[in-house]
Each structure stands twice: as C-alpha cells, then as structure tokens.
Amino acid sequence: SLAPGRYMYLSLILGQDRMLTISGGEVVLYVQGEMRLHQGSTLQVNPGSVLLLYVGGSFIADQGSAITNATQDACNLRMYGTPTCTSIQLKNSGDFYGAVYAPNANLVIDNNAKQIGSFIGNSLEIKNSGGFYYDTRLGDLDSPDVYSFFQVERWWER
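Residues numbered from 1 in each chain as written. Predicted model: local features only at pLDDT ≥ 70, side-chain atom pairs only at ≥ 80, totals over all residues. Heavy atoms only, no water.

A. View of the overall build of the protein. For the protein, the helix and strand inventory stands at one helix and 13 strands. For the protein, the α and β elements follow one another from N to C terminus as β-β-β-β-β-β-β-β-β-β-β-β-β-α. Considering only residue pairs separated by 6 or more positions, the protein has 42% of its internal contacts joining residues 24 or more positions apart. Accessible area for the protein stands at about 8,100 Å²; split by element, carbon and sulfur atoms hold 47% of it. (Helix = DSSP H or I, 4+ residues; strand = E, 2+ residues; numbered from the N terminus. Contact = heavy atoms within 4.5 Å. Areas by Shrake-Rupley, 256 points an atom, 1.4 Å probe, with all protein chains shown as cover.)

B. Layout of the environment of Ala74. Structurally, Ala74 is set in the loop between β8 (59-69) and β9 (77-81). Spatially, the C-alpha atoms of Ala74 and Val50 are 9.6 Å apart, while their sequence positions differ by 24 residues.

C. Broad picture of the pairing of strand β7 (residues 49-55). Burial analysis of β7 places six of its seven residues in the buried class, the great majority of the element. Here five bridges tie β7 to β9, and the two strands are oriented parallel to one another. In the strand pairing of β9, Leu51 is matched with Leu77. (Buried < 20%, exposed > 50% of the residue type's maximum accessible area, 1.4 Å probe, protein only. Pairing = 2+ DSSP bridges.)

D. Local environment of the nonpolar core. With 30 residues, the main nonpolar core has Leu51, Leu53, Phe59, Ile67, Ile88 and Leu90 as its most contacted residues. In terms of residue count, the dominant contributor to this core is strand β11 (residues 96-110) (six residues). Contact partners of Ile88, with chain neighbours within four places excluded, come to Phe59, Met79, Val100, Ala102, Ala105, Asn106, Leu107 and Val108. Counting five residues, the second-largest nonpolar core is a separate cluster that includes Val28, Val50, Leu52 and Tyr101. (Core = buried A, V, L, I, M, F, W, Y, C linked by side-chain atoms within 4.5 Å.)

Take a look at the structure:
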C-alpha cells in the first residue's frame, strides 16, 4: 500500500496475485524502467485517492491482471509515458477508468470490458469487444498543462 507522497523506482514488477493499493490522497509514482502487472495482480486506486503514474520504460498489464479505479473517475488515475516510454499494453480484467498520455508509446488495449477516460499515444489499438467512452470530467482538470492533454481535439476510427 502506498500512502500519499512521491515514490521513484527503477522498475516495478507485481508478481502473480500481488496487490498495490493507493490509499488516501495523491500518490505520484515514477517508474524509470519497466512496470508490469503479472496475471492475477492488481493495481487499485481506492476512493479518496489519486494516482499520477509516470512510466519511463514499458508498461504491461498481463491478461488476468486488474487496474481497478474504485473512484470510477478517470481524473483519479492518470498515466504519463515519458519520451522513453514506447509501449503500453493493458489486458485489464475489468472496466478501466483512467487517462493515458504517452505520445511516443504504442498503446494496445485488449479488454472485453469498458474503457472510460482518454488515451493519447503514438498509436492505439483496441482489441476484443471492449467499448470506449471519453470521460468529460478530464476536460475540467484544474492544471492548465494537463487540461490540454485530455481534451478531445480530434477523433477518427478505422
């Protein structure tokens, strides 16, 4: 469990059936290299919490892992890919509430559940039957630098 504050890791790997919980207040987490959630592991943002996650390497959430935002507000789980982040793969086992800003990363969302939030990347591929819904609350964030990242500017589908 991470309490409010700032944390930095060279890499962060959650083994099978492990849980990382964000509890109360704002947590800023910077992972310089790879971050991975193995099968059965969970990253959970509890009500009353905010996670700002900065990833410098790849981010992989294996099939059967869970990224659970119990606040059900995409503003409370924001993932930023630094310029060295080139790959984000989410195989989430449930609904995903969050915003991903990783302009150099290829994003792959492989989920049968809903994606609620915003995804910005070099490319975006949504697999399976999961639906995507933009969370308009992202446009109301107070920070002027974040506001422009998560507002809808253009949209197209193939």
